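Letter by letter, the chains look like this.
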Amino acid sequence: MFARVSTYKGRQATSGGPSEDLVRRVLELPGCQAFYFLNGRGNGKSLSVAIYDNEEHLTAAKEAASKLRNEASSALTLEVLEVEEYEVVTNARND
């Protein structure tokens, strides 16, 4: 699995996350298995994490993901600070 992690900066009072429609559109990208949006606690930073089943899908979704990221950051009045890609080497859940 692979992940694209985006870091955002905004007003400290910013709360909430992207719209349900935007989340649905992210999850419709080929190979996207999960999406998380995290708001920092009092630091004005937020993160989005999109998990893909393989590197080919991660790479293929780069342009579409960029458009969705820009749309979300505009709607949430957040500045995109950084976008990084990672290989997921550990995946564990406590169901």
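Residues numbered from 1 in each chain as written. Predicted model: local features only at pLDDT ≥ 70, side-chain atom pairs only at ≥ 80, totals over all residues. Heavy atoms only, no water.

Caption draft 1: Seen up close, the overall build of the chain. When helices and strands are tallied, the chain shows three helices and four strands. Going from the N terminus to the C terminus, the chain shows its helices and strands as β-α-β-β-α-α-β. Its C-alpha atoms give the chain a radius of gyration of 13 Å, near enough to 12 Å, the size a compact globule of 95 residues would have. Based on the C-alpha atoms only, the size of the chain along its principal axes is roughly 35 × 30 × 25 Å. Of all 95 residues assigned to the chain, the portion counted as buried reaches 35%. (Helix = DSSP H or I, 4+ residues; strand = E, 2+ residues; numbered from the N terminus. Rg over C-alpha atoms; globule rule 2.2 N^0.38 Å. Buried < 20%, exposed > 50% of the residue type's maximum accessible area, 1.4 Å probe, protein only.)

Caption draft 2: Expanded view of a negative patch on the surface. A cluster of acidic side chains, namely D53, E55, E56 and E87, defines a negative patch on the protein surface. Relative to the assigned elements, E56 resides in helix α2 (residues 55-60). (Patch = residues over 30% accessible without salt bridge, like charges linked within 9 Å, V, L, I, M, F, W, Y side chains within 5 Å. Areas by Shrake-Rupley, 256 points an atom, 1.4 Å probe, with all protein chains shown as cover. Salt bridge = Lys/Arg side-chain N within 4 Å of Asp/Glu carboxyl O. Lys, Arg positive; Asp, Glu negative; His and termini not counted. Charge placed at Lys NZ, Arg CZ, Asp CG, Glu CD.)

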